[in-house]
Amino acid sequence: MVKIPMRGILALLAFVVSCSGGNEEEAIQPGQWNGTVSHYHFNFDLSTKAATTTLTFVTETDGDCLTLPFRAGELTSVTTLNGEQATARKGGGLLEVCGTAAKAGAILTIQVAHSVPEATWEDSQVGYSEWNDDLGNPFHYLVSWVGGCDRFGPCDSQPDQFSSYTFEVTHPAGTQVLCPGKITATNTITTCETDFSAPTYSAFGIAASKSWQAHDLGQWNGVQVTLFDIPGSQTQENFSISKHRDFLSWMENNFGDYPYGDELRFVVGPTYWGGFEHPGNIVLSDGLATNGFSAFKNALEHTVNHEIAHMWAGDQTTLLGVYDFAWKEAMAEYLTYLFDTVDDPESAQLANAAWHSFANNADHYPVPEERPPLLDYYGDAYGPGPMVLFRQLEALYSRENMLTALKALLGKQRAIGIADVKEELEKATGDDLSDYFNAWVYGQGKPTWLRISLDVSVDNEILTVTAQDTTNSEKTWPCTFSVKVTSRETGETATVRLFSGIEGQPQLQGSSTVSAGFIVDSGYTLAPNKECLVYESTPTATFSNEKVNPWLTERAKKRTKRRR
Ligand SMILES: [Zn+2]
């Protein structure tokens, strides 16, 4: 839906007043059309950056003007509405196109010619960029991200919108173009056409390069999978076909058919992020195999499954609003972990430990009430997100409950918010999770998470562990975690589980029977299974001041450093 600017409403009112008393059944009321963009046809010339956007707009109200977000370059030719010359005005991040009035239910074709600036959001690749790969060839990359498709032309950039797309890209001979949909190509023109609808954040995206070598990865459950690798990146050599094929199959078993037909491409490039979930056209960093995120057991495997999970969690089921961002990263991470718990528990444990460590320095809650720009807070979704939305609740309830909620949320083309995730988690667990969400999910400023002081004592062969909440916040932090205590000299270990209940408590206590010779000193480990964002607040506890954005590639960090 497109919001009607106030100017449109005033025009509408003026018309109603001037016509009062009239009896014109056939009259079409002028004003701003409300409705949806059902299709984008985007012509783009890689060499000149000239573009023509032809969009199909289905009206839901009468009107004669359409206003859409627009942050692309200058208008370069006549704008048309249903083939007739229209007036176009650009300003304030919007484009208004006015022409012959049409009734509600009309299908309009609007064509706008304009340039696309080679510009990105700060140091990121959001926008249109040309970064060189290690062979010295430019990687042409057009990335919308959430709310960003209007960088390339008139586009309804609200995250919850689904459209179909045709990308028609003119390029030098020898350059390959990969984008969502079925691809047909001549020497100098490549067309990608979707036979599905998808959100703009991921589907409005184009990659082009002359470095790629195609590798057939076979049929996975009837889906033809191809890797477009850059020689030297080592991606093809390290690609675990069987693991990813099994993961795709596991996703299909749980959440329904792969949503993007019978083709899946992996596209390697010199990217800012580890990966990006363009529907059926997943982009991967060229550094994953050789210079990947060290926190994970295998950065390439982890990222590939994360992006496959996004085909369902992010693309098919998408974000209701910008500040619902955390659920899509939380799900992609948690689903990757969940799959690994069965066949690769070490990988699952390391991912869990990585989230726990990333969260330690998070600057924002998963749903930050101060509403910072997405680029400033999205990095905090990767650690705290999977921890607070799934891993902690898995420990409080069960893994099966989490999967039940995920099955209810995914597998349908629709937009959902954090509130929907909460509702399905409540249904699956049978509990009211309001206190839990108010503690861990929603909040303002830098989260402390649960900071505790620990007291460990033994008396009459009973080991007692007491955790005191030291956060001095008004809220309690519902959680469960264990403390593993090792006896001095004997080396005997005992694990004590602490459980706050779903409302949370300022003090938690648990105990365990131990043998007579059990001697307590400082030999204990807090939350060895990393099932809660709990940290010790004693002076000996060390907190790194280094802020971690887990999704940034080494290449991105180097570029940023160079520029500063
Ligand atoms: Zn992701």
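Residues numbered from 1 in each chain as written. Predicted model: local features only at pLDDT ≥ 70, side-chain atom pairs only at ≥ 80, totals over all residues. Heavy atoms only, no water.

J.: Whenever I open this one, the coordination of the zinc ion confuses me. Can you help?
T.: Reference geometry at the metal: tetrahedral coordination by four donors gives ideal angles of 109.5 degrees; octahedral coordination by six donors gives 90 or 180 degrees. Donor atoms from the polypeptide that bind the zinc ion are His 306 (NE2), His 310 (NE2) and Glu 329 (OE), placed at 2.0 to 2.1 Å. Within one chain, the residues serving as donors to the zinc ion are arranged as H-x3-H-x18-E. Placement of His 310 in helix H6 (residues 299-312) and of Glu 329 in helix H7 (residues 325-343) is noted, with a sequence separation of 19 residues between them. (Donors = N, O, S within 2.8 Å, 3.2 Å for Na, K, Ca; no water. Helix = DSSP H or I, 4+ residues; strand = E, 2+ residues; numbered from the N terminus.)

J.: What am I meant to see in the side chain of Thr 200 here?
T.: Along the chain, Thr 200 turns up in helix H2 (residues 200-203). In contact with Thr 200, not counting residues within four places along its chain, are Tyr 40, Ser 144, Cys 149, Cys 155, Asp 156, Gln 161 and Tyr 165. (Contact = heavy atoms within 4.5 Å.)

J.: Could you clarify how one ought to interpret unusual backbone geometry in this entry?
T.: When glycine is set aside, most residues are seen to have a negative phi, and most peptide bonds are trans. Unlike most non-glycine residues, Lys 49 shows phi in positive territory, near 65 degrees. A positive phi is found at Ala 527, a non-glycine position, where the angle reads about 45 degrees. Residue Ala 527 is classed as buried on the basis of its relative accessible area, which comes to 0%. (Buried < 20%, exposed > 50% of the residue type's maximum accessible area, 1.4 Å probe, protein only.)

J.: Before we go on, may I ask you to explain the state of the cysteines in this structure?
T.: Cysteine pairs can be linked by a disulfide, which is a covalent bond between their two sulfur atoms. Under the defined criterion, the tally for this structure stands at four disulfides. Each sulfur in the disulfide pair Cys 179 and Cys 192 lies 2.0 Å from the other. Residues Cys 179 and Cys 192 are joined through a disulfide that is right-handed, its torsion about the S-S bond being 75 degrees. Here Cys 179 is found in the loop between strand S12 (176-178) and strand S13 (182-185), whereas its partner Cys 192 is found in strand S14 (residues 189-193), with 13 residues between them in sequence. Here Cys 179 matches Cys 192 in class, with each residue buried. Ordinal numbering of bonded cysteines along the protein defines a disulfide pattern of 1-2, 3-4, 5-6, 7-8. (Disulfide = S-S within 2.5 Å.)

J.: Looking at this structure, I do not really get the pattern of salt bridges. What am I missing?
T.: Pairing between side chains of opposite charge can happen when their charged atoms approach one another. Inspection of the entire model under this criterion finds 25 salt bridges. The residue Glu 263 makes a salt bridge to Lys 182 at a minimum N-O spacing of 3.5 Å. Pair noted here: Glu 263 is in strand S19 (residues 263-269) and Lys 182 is in strand S13, with a separation of 81 residues, a long-range link. Glu 263 gets classed as partly exposed once you look at its relative accessible area, which sits at 26%. Measuring nitrogen to oxygen at the nearest pair gives 3.2 Å for the salt bridge that ties Arg 399 to Glu 394. When salt bridges that share partners are traced, they join Lys 243, Lys 297, Glu 301, Asp 340, Asp 344 and Glu 346 into one network. (Salt bridge = Lys/Arg side-chain N within 4 Å of Asp/Glu carboxyl O.)

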